[in-house]
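# Structural description and commentary
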Amino acid sequence: MNVSLTWLRDYVDFALDAREMAQKLTETLTETELVESPAADVTDVVAARVVTVDGHPNADRLSVCVVDWGKGSSTVVCGAPNVRSGMVSALALPGAVIAGGRTVGAATIRGVASSGMLASLEELGLEEHSEGILELDDNVVLGTDIREVLGVGEPVLEVDVQPNRPDCMGVLGIAREVAAALAADLRTPSFELAESGQGAELDATVTVEDAVGCPRYVGRVIRDVTIGPSPRWLVERLQSVGVRSINNVVDITNFVMLEYGHPIHAFDLDRLESRAIVVRRARAGEVLTTLDDEERKLDTEHLLICDGEVPVALAGIMGGENSEVVDETKNILLECAWFDPAVVRRGARRLGMRTEASQRFERGIDPAAMDDVTDRACALLAELAGGTVAPGRVEDGPGKYERRTITVPVDRVRAMLSSSRGEPLVTVETVAGALRRLGYEVVGTPTEHEAEIAIPSFRRDVSEVADLIEDVARMLGYGLIVAEVPYHSLTPSPDIAATMRDAACEAMVGLGMTEIVTTSFVGERDESRTRAAGAGAAVAPVVLTNPVNKEMPLMRTSLMPGILDVVRHNVNVGEKAVRVFELGKIFWNEGGECRERWSLGAAVWGLAEPPVWGRDPREVDFYDLAGTIEGLGEALKVDSLKADCYDVKMMDESASARILRAGEPVGVAGKLSSETAGAWQLPEGVYALELDADALNKGARLIGKYEELPRFPASRRDIALILDEGVPAGDVVGEIEAQGEELLQGVGVFDVYSGGQLAPGTRSLGIALTYMSRERTLTDTEVDAAHAKIVSHVLTRFSASLRT
């Protein structure tokens, strides 16, 4: 919210300069900074009267003007079409500096000497484009610095208004805070409103169909207005905060919005065919062309202002082109409404719109100020546009502000505020006085211990005693808050899934991986590459209605795009080893609903270990990835987690696997295929995995199962099986474990051999079996019997033979 000191002085007297005022508001309200005026560097430009205007002897489109600037007169050559004798304008004297740092000098133009130039608002840096030179009021003192005349020389305050303080979205609200901080008087706008002619109800009606979206709607009728330029004082007020002047009617609506913080809108009454205002929800597919000449496609989340059935405005956001005020407008319907913040916020977000009006309605307006706002605007329209205000209002809606009160215990305030000198600082009088300065009302007579406070309608953020204590502290000084070391009692998190995810991240870091965080938003190119590679291909992406970045309108269906982008970046900057992982959510569209789940992705590339002198470095391979999966499973104590050879679309068929838990697939792992690596511009040898983190959590145990250390010796038996080379070693180990032999304590592959004397298409698996009892020392006879049973089953199950 930008505020000029000149405008603030309309409501409160103060002697602070801009820097001091910024500091005061920072101390008592919110962070406030200074913004230099666009005309801050303009020098030696003064108010001057054009005395005579003669044609240029050598140029048809130029004029030779004699200009009186109070301390002398000058001859100036001017090309502006609106120059005329008697007008007061801005004269840039020789040596003056105008917008852009340009210096004006004396010059000879087509044979005629020119001492300076008559300037436009564009040349002063106050307008993007000007049609002619600046025209000032006749009563301006000649020779006065133009920045003083326009009120644009001093810096503007940029107040960082917080979302809970909508009352400070108007200059009057900031002035209230200034008056309270300085213990000064606040002057509210003073005006007289005269009404005449037939009642407003004869020209328009109002019907609110959606009382939730619009608790109250008020319309005022102003007849016989004259559209024209605004007076200088109004233009200056708007320009001081960066708002361009359009015409007197539009400028008045902008001025009142900036003054009260409550948006209003002017309709051309004669362009409303039915003159029956209806406030309703939009119908799916309904279309409205707004004032910015954009065609908006609407849905049922949008609230509309309609002329009968025809939409004429997006409620709380922007008016429609079909009812805007134009140069020929004579009669006006002035809108002042109370729109629900959530409805306006949703509607604006769905269209990607953010207007001055929507920003204010989204925060919440003062419902009790609606009549004052409309009366102020009507009075200005009568004064500055020559309109006649029709008696009465046309309105509808159940909304009515009900006053709230809160009882403030002085002891609670005193407990938070103290005097460094030890004397009692907080009394009921100091509490009541501080709150009165901010617009609160003390109900009845306060007692020694408490005061009942009525909350003003503009303070919708105040809901409990703590809010009032904060306001008292702001007025008395935050330095009086007692400094205490906070005490917190830490309790274990009840979110087991979150704890599991934290444990997974710790495990991956412990396995030598680096955690990364990539964006959940992706572009069409990333999504198409993902689907072509086979990652997330079975689901449809979620399309964002209002994306933060229009180049990334989709939610990711896989972690792979972000992870592979990180790998590519690291490879391109010269990294020799990349080991990264991400634990994040992926999203998909299921029947029009957004679904999501946690996923764990990782990628490795390059050197498997740091280079060591005298030994060739080893590149990462599939077994490094498999070891990572195994280490993760051990850390999370996931039962029955194993890899199963599987042709994964995005992986090289010679080095890819499906990850199973209890026989159910929970992810994939392997070496990226050349097609996938090429799509992401990656080198060969990138290995990646992606696991369903939610499915892993279901089988994870953070607390392990305690087993007593064995007291009796174990016995190992080794076998070498000759079997078809297509049989996975994991299937053989799983089959052995599935026999349920209670003496069998461990199974592992210790050797794989092929070639030599073995038949083509076969290989030898060396498997170690460990037998042990926790109750006694096993005899050879017991071990041999259990071992023979297992060997017999395996030979039969896999059509294998023993290698001797």
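Structure: see above.
### Let's talk about the sheet that holds strand E11 (residues 205–208)
- Pairing is mixed in the open sheet, where 5 strands are placed in the order E11-E14-E17-E18-E19. With partners counted over all chains shown, the strands left at the sheet margins are E11 and strand E19 (318–319), one partner each.
- Inspection of the sheet shows E11 paired to strand E14 (residues 276–281) by 4 bridges, in the parallel sense. Residue pairing for E14: Val208 is matched across the bridge by Val279.

### Some points on empty space enclosed by the protein
- For the structure on display, the rule yields 2 cavities of 30 Å³ or more.
- Roughly 60 Å³ of internal volume is contained in the largest cavity.
- Surrounding the largest cavity, Met500, Arg501, Ala504, Leu583, Leu600, Leu636, Ala693, Leu696 and Asn697 form its lining.
- Looking at the lining of the largest cavity, the elements that each hand over two or more residues are helix H13 (496–510) and helix H18 (693–698).
- When the residues that make up the lining of the largest cavity are grouped by side-chain class, the tally is 7 nonpolar, 1 polar and 1 charged.

### A look at the sheet that holds strand E24 (residues 441–443)
- Strand order across the open sheet formed by 3 strands is E23-E25-E24, with antiparallel pairing between neighbours. In the strand order of this sheet, the two ends are held by strand E23 (404–409) and E24, each with one partner. Pairwise comparison of adjacent strand axes, ignoring direction, gives a mean angle of 40 degrees for this sheet.
- Of the strand pairs in this sheet, E24 and strand E25 (residues 450–455) are connected by 3 bridges, and their pairing is antiparallel. Bridge pairing in E25 links Val443 to Glu452.
- Of the strands in this sheet, E23, E24 and E25 are in contact with helix H11 (residues 428–437), which crosses E25 at around 10 degrees.

### What to know about unusual backbone geometry
- Not every positive phi belongs to a glycine, and Asp44 is a case in point at roughly 55 degrees.
- Inspection of the secondary structure assignment puts Asp44 in strand E3 (residues 43–56).
- Although it is not a glycine, Arg275 adopts a positive phi angle of roughly 55 degrees.
- For Arg275, the location among the structural elements is in the loop between strand E13 (265–268) and E14.

### So, the packing of helix H19 (residues 729–738) against helix H20 (residues 780–797)
- Orientation of H19 relative to H20, taken along the N-to-C sense of each, is 135 degrees, at an axis distance of 10 Å. Comparing their axes, H20 and H19 come out oblique. You can see that H19 and H20 cross each other, and the crossing is right-handed. Together, Val732, Glu735 and Ile736 of H19 and Ile790, His793, Val794 and Arg797 of H20 make up the contact between the two elements.
- A class-by-class count of the residues in the contact of H19 with H20 yields 4 nonpolar, 1 polar and 2 charged.

The rules behind these values
Residues numbered from 1 in each chain as written. Predicted model: local features only at pLDDT ≥ 70, side-chain atom pairs only at ≥ 80, totals over all residues. Heavy atoms only, no water. Pairing = 2+ DSSP bridges. Helix = DSSP H or I, 4+ residues; strand = E, 2+ residues; numbered from the N terminus. 1 Å grid on protein atoms, 1.4 Å probe; cavity = no way out; pocket = protein on both sides within 12 Å on 5 of 7 lines; lining within 4 Å. Points joined across faces, edges and corners; volume = space filled by probe spheres on them. Nonpolar A, V, L, I, M, F, W, Y, C, P; charged D, E, K, R; others polar. Axes fitted to C-alpha atoms, helices over the stretch in contact; angles between N-to-C directions. Contact = heavy atoms within 4.5 Å. Parallel < 35°, antiparallel > 145°, perpendicular 65-115°, else oblique. Left-handed = near helix turned anticlockwise from the far one by under 90°.

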